[in-house]
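Coordinates in review
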Amino acid sequence: MTTILGISAYYHDSAACLVIDGEIAAAAQEERFTRKKHDQAFPNNAIAFCLRDASLKPDQLDFVGFYDKPLVKFDRLLETYLDYAPVGLPSFLKSMPLWIKEKLWLPDLIRRNFAEMEGLKTSKEIRRHVKNYSWQLCFGDHHESHAASAFYPSPFENAAIVTIDGVGEWATCSVGLGSGHKFNLLHELRFPHSLGLLYSAFTYFTGFKVNSGEYKIMGLAPYGKPTYATLIKDKLLDIKEDGSFRVNQEYFTYSEGLHMTGKAFEKLFGSPARTPESLITQRDMDLARSIQDVTEDILLKIVRFAHRETGTTNLCMAGGVALNCVANGRIAREGPFKQIWIQPAAGDAGGALGVALALWHRYLGKPRRLTQGKEPRSPFTDAMKGSLLGPRYSTEQVRTYLDLHDIPYQSLDRESLPDVVASLLTAEKIVGLHQGRMEFGPRALGARSILGDPRSPRMQSIMNLKIKYREGFRPFAPSVMREHVSKWFEFDGDSPYMLLVANIVPNRRRAMTDEEQSLWGIDKLNVPRSEIPAVTHVDYSARIQTVHKDVSPLYWSIIEAFYRQTNCPVIVNTSFNVRGEPIVCTPEDAYRCFMRTEMDALVIGDCLLNKTEQPDFNEEHNWQQEFPLD
């Protein structure tokens, strides 16, 4: 048996992944355990979970892989500082202590962390113990880790690979080709020319948090018009036909400063950056639409170039920009590839998975095993196991927690649970669902989800304002039975990880009146636009999760029960958390979130909790100040 642990850390979304004989055994992000969203700390808790889940001790590992090369990244930081000195001195001084104390000594740091996880305290004990670790420590290239995470778990024997993010060591985008158990990156774009950093600059300028609020730009874009798209292309970018581009650094400060944009950017767009949490204006909506349209145009050029270079019919994608599901939808519809597959943990968390798989396939030369699916509509299954790779809690563990805290609940059997949940949804109740293994990646996929009735015109507003406590403009996603997707959406493929956007089919839409069309931006939000208004964005689009019976049998059964009761095979699915909080992990996390919000019911395992039956829930502090706004 060969055991490989992959680790990502120190930028954002730290994570760990365990691969045993080439099979993904477990994976989780550190944020789910520490309750710090996008936690960048060394993933002690995620590592401990992976080892515990497989009943392994640290000295039983064969390989430990880190997802990028710290020394190469440090070289970029030094070279960038020298290029911009002395302007970037504050940023340089802020980042250097962590590099000098930790990142440059990563091999020793990793071994020390393992020893501390085993309960050792003194430096002498730790030094003595780390010498006993026989595993081999390896470092992967950042974009090669992304590429491995995209290609190796995919259902394709051969595929083009596109990775695109802010920046790794030097690369910001790469194009490659995978075949069998090998892949090669053929082309790359280098810092400071970065589509991810460009998008993040607009995230910052419109008042949202970088490396967290980019999806808000994507959700805000349909309210605006591409007023600034030409200006962006003319002044900020030099875009080539192959999708490569140069970013005009006169308008950006991310290379030398602590912010993304400066005075020249403000002058170009007529005013300073929006103050976070202030009123969203038409300009903000138009900026969001403009940068989204430009991003989509560039990505389409990149994937068309990848197709010409590789000659394959399949595409795999990873990197933070691959989470832009609106752009992914356009690639699926307009791109040259017959099939695309996107790593569900496309950001840095997925790098832990990628480096582990790269060690198995590239370093050890082990072949891949592709799995044939059972259903004709889904000819292949990938190796991600529905991305359900995190902690799970037994019925005994759940009931022990509930009984210990005198929490009233009703026991359900497996056969009746789907109908009970569906009945609650049809009564316009909002239900928290905590089932099985936690999802790996940023999307809740039915294991740690909050569910609602998509037919309700009130549901979108209620869930945003009373459950999630977040901006009202943000849309919710539909989970749909795979066999019914084409009857409700202009799409007839697989989107199991909620990474593709498609429109509602015309016969399910409701045309807006002239008066409704004339409404200002976000005022259009409350106008029902289809038979499932809670998951229909203002442009008739929806971020789809197709649910397959073989992959998520219980979740599929809940949607199927809702379909039997309503003739609608779609439900609302949003992540089980409030704004600024990581998705819940444990039963305790789920109960706490349930009681802090206006959810009506919670189903943990086979236990149903009704809000009206719960005791008073008092906390000494204001919990809404516990999580920084994202």
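Heads up: the structure comes first, above all this text.
Let us now look at the pattern of salt bridges. Counted under the stated rule, the structure contains 30 salt bridges. Two residues, Glu277 and Arg579, come together in a salt bridge whose shortest N-O distance is 2.7 Å. Of this pair, Glu277 sits in the loop between helix 11 (263-269) and helix 12 (282-310) while Arg579 sits in the loop between strand 21 (570-575) and helix 21 (587-596), and the two are 302 residues apart along the sequence. The class of Arg579 is buried, set by a relative accessible area of 12%. The closest approach of N and O atoms between Arg509 and Glu490, which form a salt bridge, is 3.6 Å. Taken as a pair, Arg509 in the loop between strand 19 (500-503) and helix 19 (514-517) and Glu490 in the loop between helix 18 (485-488) and strand 19 lie far apart in primary sequence, 19 residues in all. A relative accessible area of 30% places Arg509 in the partly exposed class. Through salt bridges with shared partners, one network takes in Arg35, Glu581, Glu588, Asp589 and Arg592.

Next up on the list: the packing of helix 7 (residues 142-151) against helix 14 (residues 349-363). It is the contact of helix 7 with helix 14, at a shortest axis distance of 7 Å, that shows an interaxial angle of 80°. Taken together, the axes of helix 7 and helix 14 lie roughly perpendicular to each other. Contacts from Glu144, Ser145, Ala148 and Ser149 of helix 7 reach helix 14 at Gly350, Gly351, Leu353, Gly354, Val355, Leu357, Ala358 and Arg362. For the contact of helix 7 with helix 14, the residue count by class is 5 nonpolar, 5 polar and 2 charged.

In this section: the sheet that holds strand 2 (residues 15-20). Strand order in this open sheet of 5 strands is 3-2-1-4-5, and the pairing throughout is mixed. Each edge of the open sheet carries a strand with a single partner, namely strand 3 (23-29) and strand 5 (136-139). Between one strand axis and the next, the sheet turns by 15° as a mean value, whatever way the strands run. Across 4 bridges, strand 1 (residues 3-8) lies against strand 4 (residues 63-66) in parallel orientation. Bridge assignment links Gly6 to a residue of strand 4, and that residue is Gly65. Along the sheet, helix 2 (residues 44-53) makes contact with strand 1, strand 2 and strand 3, crossing strand 3 at roughly 150°. Sheet contacts for helix 14: strand 1, strand 2, strand 3, strand 4 and strand 5; angle to strand 1, the most-contacted strand, approximately 145°.

With that out of the way, let us pick up the sheet that holds strand 6 (residues 158-164). Across the sheet, which stays open at both edges, the 5 strands sit in the order 8-7-6-11-12 with mixed pairing between neighbours. Where the open sheet ends on each side, the last strands, each with one partner, are strand 8 (182-190) and strand 12 (339-342). Each strand axis lies, on average, 20° off the axis of its neighbour in the sheet, ignoring direction. Looking at chain direction, strand 6 and strand 7 (residues 171-179) are connected through 7 bridges and run antiparallel. From the neighbouring strand, Ala160 faces strand 7, where its bridge partner is Leu177.

Cis geometry is found at the peptide bond from Phe191 to Pro192, where omega equals 10°. Structurally, the position occupied by Pro192 is in the loop between strand 8 and helix 8 (195-205). The phi dihedral of Lys385 falls on the positive side, at around 55°, and the residue is not glycine. Summarising the element assignment, Lys385 is placed in the loop between strand 14 (380-381) and helix 15 (395-404). Taking the relative accessible area as the measure of exposure, Lys385 reaches 37% and is therefore partly exposed.

How each quantity is defined
- Residues numbered from 1 in each chain as written.
- Predicted model: local features only at pLDDT ≥ 70, side-chain atom pairs only at ≥ 80, totals over all residues.
- Heavy atoms only, no water.
- Salt bridge = Lys/Arg side-chain N within 4 Å of Asp/Glu carboxyl O.
- Helix = DSSP H or I, 4+ residues; strand = E, 2+ residues; numbered from the N terminus.
- Buried < 20%, exposed > 50% of the residue type's maximum accessible area, 1.4 Å probe, protein only.
- Axes fitted to C-alpha atoms, helices over the stretch in contact; angles between N-to-C directions.
- Parallel < 35°, antiparallel > 145°, perpendicular 65-115°, else oblique.
- Contact = heavy atoms within 4.5 Å.
- Nonpolar A, V, L, I, M, F, W, Y, C, P; charged D, E, K, R; others polar.
- Pairing = 2+ DSSP bridges.

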